[in-house]
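Structural overview
As a plain string of letters, each chain reads:
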Amino acid sequence: SPQTCGDPSDAVPFYLVALPGQAFYYTALASDVNSLINPPFSYSFIGTAARVFTTQELSTVPFFHVRSGSVLGPLHSDNLYTTSTTERDSALVSGYVDTGIAGYIYPSQICGSVPFYRLFTTTATVTEHFYTINATYRATLVASGAWTDEGIAGYVLDFNVCA
Ligand SMILES: *[C@@H]1O[C@H](CO)[C@@H](O)[C@H](O)[C@H]1NC(C)=O
């Protein structure tokens, strides 16, 4: 049967800002980027990780965002993005804060979407998730031994509109 797809022209950049080595924060909102890259947070703007929808389009599901810590932008805050309400809810039980819906993505590889790979690292001082559509970069991070492959978070559109 034909795929029912969101309108790709509605997709927007899913920006990545970071405190390098400490926190990775993804957002579809330019206003979030603006507040995070300025004091007191002073994140670095890394770039566009993917494209996502900001409203629920055909065949898409919510990409929930929860984070550790109660103040926006603290060092060592883990930002977790998941399509699973079960995983979101267990993170909330363990003390994460509900940040709402970061965007809408596909739950399977349809409509020209690509895997959004999920990785995880934890050390004495840092617990972080990282997401990328770049399979080569994912392999590099896993090979470094510092990051664990956590599979595919969902399916997003490439940040390169011409791809
Ligand atoms: C993917 O990651 C590799 C390894 O870091 C890098 O060399 C390459 O330029 C990346 N590709 C894109 C499209 O960003």
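In this report, the structure presented in the accompanying data block is examined. Please read these numbers as outputs of a predicted model, since none were measured by experiment. (Residues numbered from 1 in each chain as written. Predicted model: local features only at pLDDT ≥ 70, side-chain atom pairs only at ≥ 80, totals over all residues. Heavy atoms only, no water.)

**Thoughts on unusual backbone geometry**
Following Pro39, the chain continues to Pro40 via a peptide bond in cis, the omega torsion being 10°. Counting through the fold element by element, Pro40 comes out in the loop between helix 1 (30-36) and strand 3 (44-52). Of note in this structure, Ser42 is not a glycine but carries a positive phi near 55°. The class for Ser42 is partly exposed, based on a relative accessible area of 41%. You will see that Ser59, though not glycine, has its phi angle at about 70°, which is positive. (Helix = DSSP H or I, 4+ residues; strand = E, 2+ residues; numbered from the N terminus. Buried < 20%, exposed > 50% of the residue type's maximum accessible area, 1.4 Å probe, protein only.)

**Quick word on the side chain of His129**
Mapped onto the secondary structure, His129 falls in strand 8 (residues 127-132). Here the side chain of His129 touches Glu150 through a polar contact of 3.2 Å, side chain to side chain. Residues within four places of His129 in sequence aside, it is in contact with Phe24, Asp78, Asn79, Leu80, Arg118, Leu119, Phe120, Trp147 and Glu150. (Polar contact = N/O pair within 3.5 Å; in protein donor to acceptor, adjacent residues only side chain to side chain. Contact = heavy atoms within 4.5 Å.)

**Here's the deal with the pairing of strand 8**
Strand residues, when the strand is regular, have side chains that alternate between the two faces of the sheet. For strand 8, the tally of buried residues reaches 5 of 6 residues, placing the bulk of the element in the interior. As consecutive antiparallel partners, strand 7 (residues 114-122) and strand 8 are separated by 4 residues. (Pairing = 2+ DSSP bridges.)

**A short note on the layout of surface pockets**
Volume-wise, the largest pocket comes out at about 230 Å³. Taken together, 15 residues make up the lining of the largest pocket; nearest its centre are Leu16, Ile46, Phe130, Thr132 and Tyr137. Of all the elements in the fold, those that place two or more residues in the lining of the largest pocket are strand 3, strand 8 and helix 3 (135-143). Ranked by residues supplied to the lining of the largest pocket, first place goes to strand 3 with 4 residues. Volume-wise, the second largest pocket comes out at about 160 Å³. It is strand 6 (residues 97-105) that contributes the most residues to the lining of the second largest pocket, 4 residues altogether. Its residues assigned to classes, the lining of the second largest pocket comprises 6 nonpolar, 5 polar and 1 charged. (1 Å grid on protein atoms, 1.4 Å probe; cavity = no way out; pocket = protein on both sides within 12 Å on 5 of 7 lines; lining within 4 Å. Points joined across faces, edges and corners; volume = space filled by probe spheres on them. Nonpolar A, V, L, I, M, F, W, Y, C, P; charged D, E, K, R; others polar.)

**Some words on the pattern of salt bridges**
Inspection of the entire model under this criterion finds 4 salt bridges. The shortest N-O distance in the salt bridge between Glu87 and Arg118 comes to 2.8 Å. Of this pair, Glu87 sits in helix 2 (residues 85-93) while Arg118 sits in strand 7, placing them 31 residues apart in sequence. Taking relative accessible area as the criterion, Glu87 reaches 24% and is therefore assigned partly exposed. (Salt bridge = Lys/Arg side-chain N within 4 Å of Asp/Glu carboxyl O.)

**Structural notes on the site of the ligand**
Close contacts around the ligand come from Asn134, Thr136 and Tyr137, and that covers them all. Between an oxygen atom of the ligand and a side-chain N or O atom of Asn134, the distance comes to 2.4 Å. Protein contacts shield 35% of the accessible area of the ligand, which totals 360 Å² for the unbound molecule. (Near = heavy atom within 4 Å. Areas by Shrake-Rupley, 256 points an atom, 1.4 Å probe, with all protein chains shown as cover.)

**A few points about the nonpolar core**
Counting 34 residues, the largest nonpolar core has Phe14, Tyr26, Phe63, Tyr81, Phe116, Phe130 and Tyr131 as its most contacted members. A per-element tally of this core places strand 1 (residues 12-19) first, with 6 residues. (Core = buried A, V, L, I, M, F, W, Y, C linked by side-chain atoms within 4.5 Å.)

**Thoughts on the packing of aromatic side chains**
For the structure on display, the rule yields 18 aromatic pairs. Centre to centre, the rings of Phe53 and Tyr106 are 6.0 Å apart; their planes meet at 85°, and the pair counts as edge-to-face. Separated by 53 residues along the polypeptide, Phe53 in the loop between strand 3 and strand 4 (61-67) and Tyr106 in the loop between strand 6 and strand 7 bring together distant segments of the chain. Tyr106 carries the same exposure label as Phe53, and that label is buried. Here the aromatic rings of Phe116 and Tyr131 are separated by 5.7 Å at their centres, their planes lie at 35°, and the arrangement is tilted. (Phe/Tyr/Trp six-rings, centres within 6.5 Å; stacked < 30°, edge-to-face > 60°.)

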